[in-house]
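One-letter residues, chain by chain:
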Amino acid sequence: MKIQFFNLQKINLEIEDEINQAVQTVIHRGEFILGQAVKKFEEELAYYLLGHDQGYVTGCNSGTDALILSLLAEGISAGDEVITVSHTAIPTVAAICAIRAKPVFVDIDPETWVMDMSKVAYSITTQTKAIVPVHLYGNMANIFELKNLLRDMKREDIIIVEDAAQAHGSRLNGAHAGTIGDYGAFSFYPTKNIGALGDSGAVFCRSKDNDSRLKKLRNYGQKDRYHLQLNYGINSRLDEIQAEILNIKLTYLDKWNERKSRIMDVYRTEFADLPLFFQKCCAGCKAAWHLGVIALQDRLTRDRLVEYLRLHGIGTIIHYPVPVHKQTTFSSNPVKRLSVTEDLADRILSLPMNPALLYEEQEHVIKTVRSFFTKKL
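Predicted, not measured: the structure shown is a model, and the values here were computed from it. (Residues numbered from 1 in each chain as written. Predicted model: local features only at pLDDT ≥ 70, side-chain atom pairs only at ≥ 80, totals over all residues. Heavy atoms only, no water.)

A.B. asks: Just to check I follow, could you spell out the overall build of the protein for this structure?
C.D. replies: Helix and strand counts for the protein stand at 13 helices and 15 strands. A compact globule built from 377 residues should have a C-alpha radius of gyration of about 21 Å, and the protein, at 21 Å, falls within 12% of that. C-alpha atoms of the protein, sized along the principal axes, occupy 70 × 55 × 40 Å. Within the protein, buried positions represent 57% of all 377 residues. A fraction of 72% describes how many contacts in the protein between residues 6 or more apart in sequence connect residues 24 or more apart. (Helix = DSSP H or I, 4+ residues; strand = E, 2+ residues; numbered from the N terminus. Rg over C-alpha atoms; globule rule 2.2 N^0.38 Å. Buried < 20%, exposed > 50% of the residue type's maximum accessible area, 1.4 Å probe, protein only. Contact = heavy atoms within 4.5 Å.)

This is the structure:
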């Protein structure tokens with residue numbers, strides 16, 4: 001049996017007729033940029049995240065741009081320090097570097113694998129302008145704890161931008177990922193919990209003024225055509241076709257998240273007696289799992305398991321094999337050792353876990369992993 005890590009064809013074919021109709025609707029409407037589909041998606045996503053409470057969404061070109069726009073909206077620029085984690089996808093840090101700000105890395109918690117809030121205070125300086133916690137694999141960083149920390153330090157001037165690219169549908173104490181800080185940055189890359197058929201993203205905020213600024217920034221700085229109001233805007237517009245597709249997929253989000261939750265529960269149950277480890281949810285977090293990640297005892301075991309699964313037709317990926325602070329681009333400006341991050345990167349492995357994964361496919365994964373340990377032991 002051959003099992004792809006991602007099976008995007010199967011997921012999208014489940015709603016193929018709706019997608020085709022959505023594309024045809026845009027073609028016949030003849031409206032392709034910042035039209036009614038984008039406006040509808042912005043309103044629907046805001047409602048999904050907050051219900052009838054006040055909140056705003058700005059659709060943009062990618063999750064990376066969602067982070068960039070959030071930082072630009074607060075005037076963060078060259079020389080400003082932005083605290084984040086190194087155990088994340090490269091775009092988190094690429095967005096900080098894109099505006100010439102300086103990423104300051106803190107380590108992660110050894111059990112939750114997200115930002116260790118106890119390390120944040122020691123990294124805050126007079127140059128710190130923002131913090132970008134990452135909600136990883138579906139688990140949420142504790143933004144409430146971070147806000148309390150900043151309040152106690154009398155540094156509420158520091159902006160919190162939640163990287164919620166991997167947490168569509170996750171909640172912390174009942175609040176959706178992306179709605180607790182000043183901004184929430186979402187990615188709709190095809191493999192995300194809500195995936196477009198290409199790059200797409202969005203920013204959430206609660207302030208009408210901030211939302212107005214974001215909508216200008218994504219459109220060159222224009223409030224309307226040919227009238228420039230901000231001279232540091234970019235072209236980062238969510239297009240109508242992707243917005244129509246996202247409008248459809250948003251209605252399936254909870255259903256797909258529930259499928260993945262059941263798959264993750266099965267993995268946890270079936271592997272409970274094996275020498276491998278799962279990410280622990282933060283207190284109060286109900287995770288909408290994005291990836292099914294395990295951690296092995298060491299790198300050698302992880303690498304051997306990768307090969308063993310490959311030989312049995314099972315696709316895996318490592319999210320992420322090289323911490324961002326260890327990338328060659330930072331070699332001229334070495335970062336202090338992040339022991340938990342570096343150790344975890346050597347041990348993690350993502351198993352197949354997507355809404356289209358069949359029961360018999362997961363059974364094959366489980367039996368193969370178990371046989372690996374049986375043979376090894």
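A.B. asks: It is not clear to me how the layout of surface pockets should be interpreted in this structure. Could you clarify?
C.D. replies: Of the volumes computed, that of the largest pocket is approximately 370 Å³. Listing elements by their share of the lining of the largest pocket, those giving two or more residues are helix 4 (63-73), helix 5 (90-98) and strand 8 (183-187). Residue contributions to the lining of the largest pocket peak at three residues, all from helix 4. The space that makes up the second largest pocket amounts to roughly 260 Å³. In terms of lining, the second largest pocket is formed by Leu34, Gly35, Val38, Lys39, Glu42, Glu43, Ala46, Gly55, Tyr56, Val57, Lys215 and Arg218. Counting only elements with at least two residues in the lining of the second largest pocket, the list comes to helix 3 (36-50) and strand 1 (56-60). Counting residues per element, the lining of the second largest pocket draws most heavily on helix 3, which supplies five residues. Residue composition of the lining of the second largest pocket, grouped by class: five nonpolar, two polar and five charged. (1 Å grid on protein atoms, 1.4 Å probe; cavity = no way out; pocket = protein on both sides within 12 Å on 5 of 7 lines; lining within 4 Å. Points joined across faces, edges and corners; volume = space filled by probe spheres on them. Nonpolar A, V, L, I, M, F, W, Y, C, P; charged D, E, K, R; others polar.)

A.B. asks: When you look at a nonpolar patch on the surface in this model, what are you seeing that I'm missing?
C.D. replies: Where nonpolar side chains cluster on the molecular surface, the patch consists of Ile27, Phe32, Ile33 and Leu34 and spans about 340 Å² of accessible area. Tracing the sequence through the fold places isoleucine 33 in the loop between helix 2 (16-29) and helix 3. (Patch = residues over 30% accessible without salt bridge, like charges linked within 9 Å, V, L, I, M, F, W, Y side chains within 5 Å. Areas by Shrake-Rupley, 256 points an atom, 1.4 Å probe, with all protein chains shown as cover. Salt bridge = Lys/Arg side-chain N within 4 Å of Asp/Glu carboxyl O.)

A.B. asks: Would you mind showing me how to read the packing of helix 2 against helix 9 (residues 240-250) here?
C.D. replies: Angle between the axes and distance between the axes: these two values describe a pair of packed helices. Interhelical geometry of helix 2 versus helix 9 gives an angle of 145° and a closest axis separation of 9 Å. You can see that helix 2 and helix 9 cross each other, and the crossing is right-handed. For the pair helix 2 and helix 9, the contacting residues are Glu18, Ile19, Ala22, Val23, Thr25, Val26 and Arg29 in the first and Glu240, Ile241, Glu244, Ile245, Ile248 and Lys249 in the second. Class assignment of the residues belonging to the contact of helix 2 with helix 9 gives a composition of seven nonpolar, one polar and five charged. (Axes fitted to C-alpha atoms, helices over the stretch in contact; angles between N-to-C directions. Left-handed = near helix turned anticlockwise from the far one by under 90°.)

A.B. asks: Could you clarify how one ought to interpret the nonpolar core in this entry?
C.D. replies: Most often, soluble globular proteins keep nonpolar side chains buried together rather than apart. Core analysis: the biggest nonpolar cluster contains 84 residues, and Leu45, Trp113, Val120, Phe188, Tyr267, Phe271 and Leu276 have the highest contact counts within it. Among the elements that line this core, the one with the most residues is helix 3, at eight residues. Apart from the residues within four sequence positions on either side, leucine 45 is in contact with Val57, Phe188, Ala202 and Leu250. (Core = buried A, V, L, I, M, F, W, Y, C linked by side-chain atoms within 4.5 Å.)

A.B. asks: How do you make sense of the pattern of salt bridges when you look at a structure like this?
C.D. replies: Any two side chains of opposite charge can pair, on the condition that their charged atoms come close. Throughout the structure, instances matching the rule amount to 20 salt bridges. Taking the shortest distance from any N to any O, the salt bridge between arginine 299 and aspartate 303 comes out at 3.6 Å. With arginine 299 and aspartate 303 both in helix 11 (residues 299-311) and four residues apart, the pair spans about one turn of that helix. On the basis of relative accessibility, which here comes to 35%, the residue aspartate 303 falls in the partly exposed class. Connected through salt bridges with shared partners, the residues Glu42, Asp211, Lys215 and Arg218 form a single ionic network.

A.B. asks: When you look at the sheet that holds strand 6 (residues 171-172) in this model, what are you seeing that I'm missing?
C.D. replies: Hydrogen bonds between backbone atoms are what pair the strands of a sheet, whose relative direction is either parallel or antiparallel. Across the sheet, three strands lie side by side as 7-6-13; this open sheet has antiparallel pairing. Two strands in the sheet have a free side with no partner beyond their single neighbour: strand 7 (175-176) and strand 13 (285-286). For strand 6 and strand 13, the ladder comprises two bridges, and the chain directions are antiparallel. Bridge pairing in strand 13 links arginine 171 to lysine 286. (Pairing = 2+ DSSP bridges.)

A.B. asks: Looking at this model, I keep getting lost on the side chain of lysine 260. Mind explaining?
C.D. replies: Tracing the backbone shows lysine 260 in helix 10 (residues 253-270). Only 3.0 Å separates the side chain of lysine 260 from the side chain of asparagine 193, close enough to count as a polar contact. Among all residues touching lysine 260, those that are not within four sequence positions of it are Asn193, Trp289, His290, Met353, Asn354 and Pro355. (Polar contact = N/O pair within 3.5 Å; in protein donor to acceptor, adjacent residues only side chain to side chain.)

A.B. asks: Explain unusual backbone geometry here, please?
C.D. replies: With the exception of glycine, the majority of residues adopt a negative phi angle, and the majority of peptide bonds are in the trans configuration. Tyrosine 320 follows histidine 319 through a cis peptide bond whose omega is 20°. One can find tyrosine 320 in the loop between helix 11 and helix 12 (339-345). Residue arginine 100 is not a glycine yet carries a positive backbone phi of 70°. Along the chain, arginine 100 falls in the loop between helix 5 and strand 3 (102-106). Even without being glycine, asparagine 173 reaches a positive phi, approximately 50°.

A.B. asks: Looking at this model, I keep getting lost on the packing of aromatic side chains. Mind explaining?
C.D. replies: For any pair of aromatic rings, the description rests on two quantities: the centre-to-centre distance and the angle between the ring planes. Applying the stated criterion across every chain yields a total of eight aromatic pairs. Ring geometry for tyrosine 308 versus phenylalanine 372: centroids 5.5 Å apart, planes at 55°, classification tilted. Of the two residues, tyrosine 308 sits in helix 11 while phenylalanine 372 sits in helix 13 (residues 359-376), which places them 64 residues apart along the sequence. The pair formed by tyrosine 308 and phenylalanine 372 is uniform in burial state, with each residue classed as buried. (Phe/Tyr/Trp six-rings, centres within 6.5 Å; stacked < 30°, edge-to-face > 60°.)

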